[in-house]
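# Observations on chain architecture
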Amino acid sequence: MAGDESDGRSPAWTDPGCPVARTADLVGDRWSLLIIRDAMDGARSFTDFQQRTGIARNILSERLRKLTAHGLLTQVDAPSGRRRLYALTEAGKDLFPVIVTLRQWGERHAFEEGEPHSVLVDDDGARVPVLLPTSADGSPLTSDTTSVRRPT
C-alpha cells in the first residue's frame, strides 16, 4: 500500500515532490481524519476515540501510533497520572482548516437536500462561514485560477 511505513516512522511517499500526496500519506485514510476530527472536538483517551468512531481497537492503536510518530498527536499524562492521554500538537491543530473544508464539502455534496447533519458553530453559536482560498488582493482562488509549479 502506498504510504506504508518501512521503518515505523518514515512513510514511503507516493509522490515525494507533492505536498498533497505527502499529506494524504500521513492523514489521508478515513480513520486518521476521524481521529484528528475527534481530537479537535475534545477526545483525549483511547476509549474516547474508540467510542466516537467505532474503530477496531487494533486499527485505532496503529493510527494513534502513526499520528503520534509523525507529530500530529502527542501523549500527555492524565491528571490522575494513571494513564496517558492524547493531545493535538501544533501540526495537528494546523489541520483545522482542512477538517472544516472537508466538512463544508460534505455538507454541500454528501447529503440530500434537507437531510439532517451536524453543524460547526463558533463560540457564539453562529455557523462557521464557508472557507474559500483567496489571493493577496482578496479575489477568490479556484483550480481554474491556480497552477502547480514543480521544482526543476
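What this report covers is the structure whose coordinates are included nearby. As the structure is a computational prediction, the values presented were derived from the model and not from experiment.

What counts, and where the lines are drawn
Residues numbered from 1 in each chain as written. Predicted model: local features only at pLDDT ≥ 70, side-chain atom pairs only at ≥ 80, totals over all residues. Heavy atoms only, no water. Helix = DSSP H or I, 4+ residues; strand = E, 2+ residues; numbered from the N terminus. Buried < 20%, exposed > 50% of the residue type's maximum accessible area, 1.4 Å probe, protein only. Contact = heavy atoms within 4.5 Å. Areas by Shrake-Rupley, 256 points an atom, 1.4 Å probe, with all protein chains shown as cover. Phe/Tyr/Trp six-rings, centres within 6.5 Å; stacked < 30°, edge-to-face > 60°. Lys NZ or Arg CZ within 6 Å of the ring centre and 35° of its normal. Pairing = 2+ DSSP bridges. Salt bridge = Lys/Arg side-chain N within 4 Å of Asp/Glu carboxyl O.

## Quick notes on the overall build of the protein chain
- Assigned secondary structure in the protein chain consists of six helices and two strands.
- The N-to-C order of helical and strand elements in the protein chain reads α-α-α-α-β-β-α-α.
- Principal-axis analysis of the C-alpha atoms places the extent of the protein chain at approximately 50 × 45 × 30 Å.
- Buried residues in the protein chain amount to 26% of all 152 residues.
- In the protein chain, once contacts between residues fewer than 6 apart in sequence are set aside, the share between residues at least 24 apart is 37%.
- Within the structure as shown, the protein chain displays about 10,600 Å² of accessible surface, and the carbon and sulfur contribution to it stands at 53%.

## Quick word on the packing of aromatic side chains
- Summed over all chains, the structure comprises one aromatic pair.
- With a centroid separation of 6.2 Å and an interplanar angle of 75 degrees, the aromatic rings of Phe49 and Tyr86 are classed as edge-to-face. Placement of Phe49 in helix 3 (residues 46-53) and of Tyr86 in strand 2 (residues 84-88) is noted, with a sequence separation of 37 residues between them.
- Using a relative accessible area of 12% as the deciding quantity, one classes Tyr86 as buried.
- In this arrangement the basic side chain of Arg30 is found over the ring face of Trp31, its NZ or CZ atom lying 4.6 Å from the centre.

## A short note on the environment of Gln104
- Locating Gln104 in the fold gives a position in helix 6 (residues 96-109).
- Gln104 sits 75 residues away from Asp29 along the chain, and the two C-alpha atoms are 18 Å apart.
- Once residues lying within four places of it in the same chain are set aside, the contact partners of Gln104 are Val128, Pro129, Val130 and Leu131.

## Description of the pairing of strand 1 (residues 73-77)
- Where strand 1 lies against strand 2, five bridges are found, and the strand directions are antiparallel. Each residue of the ladder has a partner; that of Val76, found in strand 2, is Leu85.
- The hairpin formed by strand 1 and strand 2 contains six residues between the paired strands, and Gly81 there has a positive phi angle of roughly 75 degrees.

## So, the pattern of salt bridges
- Summed over the entire model, instances satisfying the criterion amount to eight salt bridges.
- Between Arg65 and Glu62 there is a salt bridge whose closest N-O contact spans 2.7 Å. Within this pair, Arg65 and its partner Glu62 are both found in helix 4 (residues 57-69), separated by three residues, close to a single helical turn.
- Judged by its relative accessible area of 33%, Glu62 is partly exposed.
- One salt bridge connects Arg127 with Glu107, and the closest N-O pair in it is separated by 3.4 Å. Taken together, the residues Arg127 in the segment after helix 6 and Glu107 in helix 6 connect sequence positions 20 residues apart.
- Each of the salt bridges in this network shares a partner with another, and the network as a whole consists of Arg103, Glu107 and Arg127.

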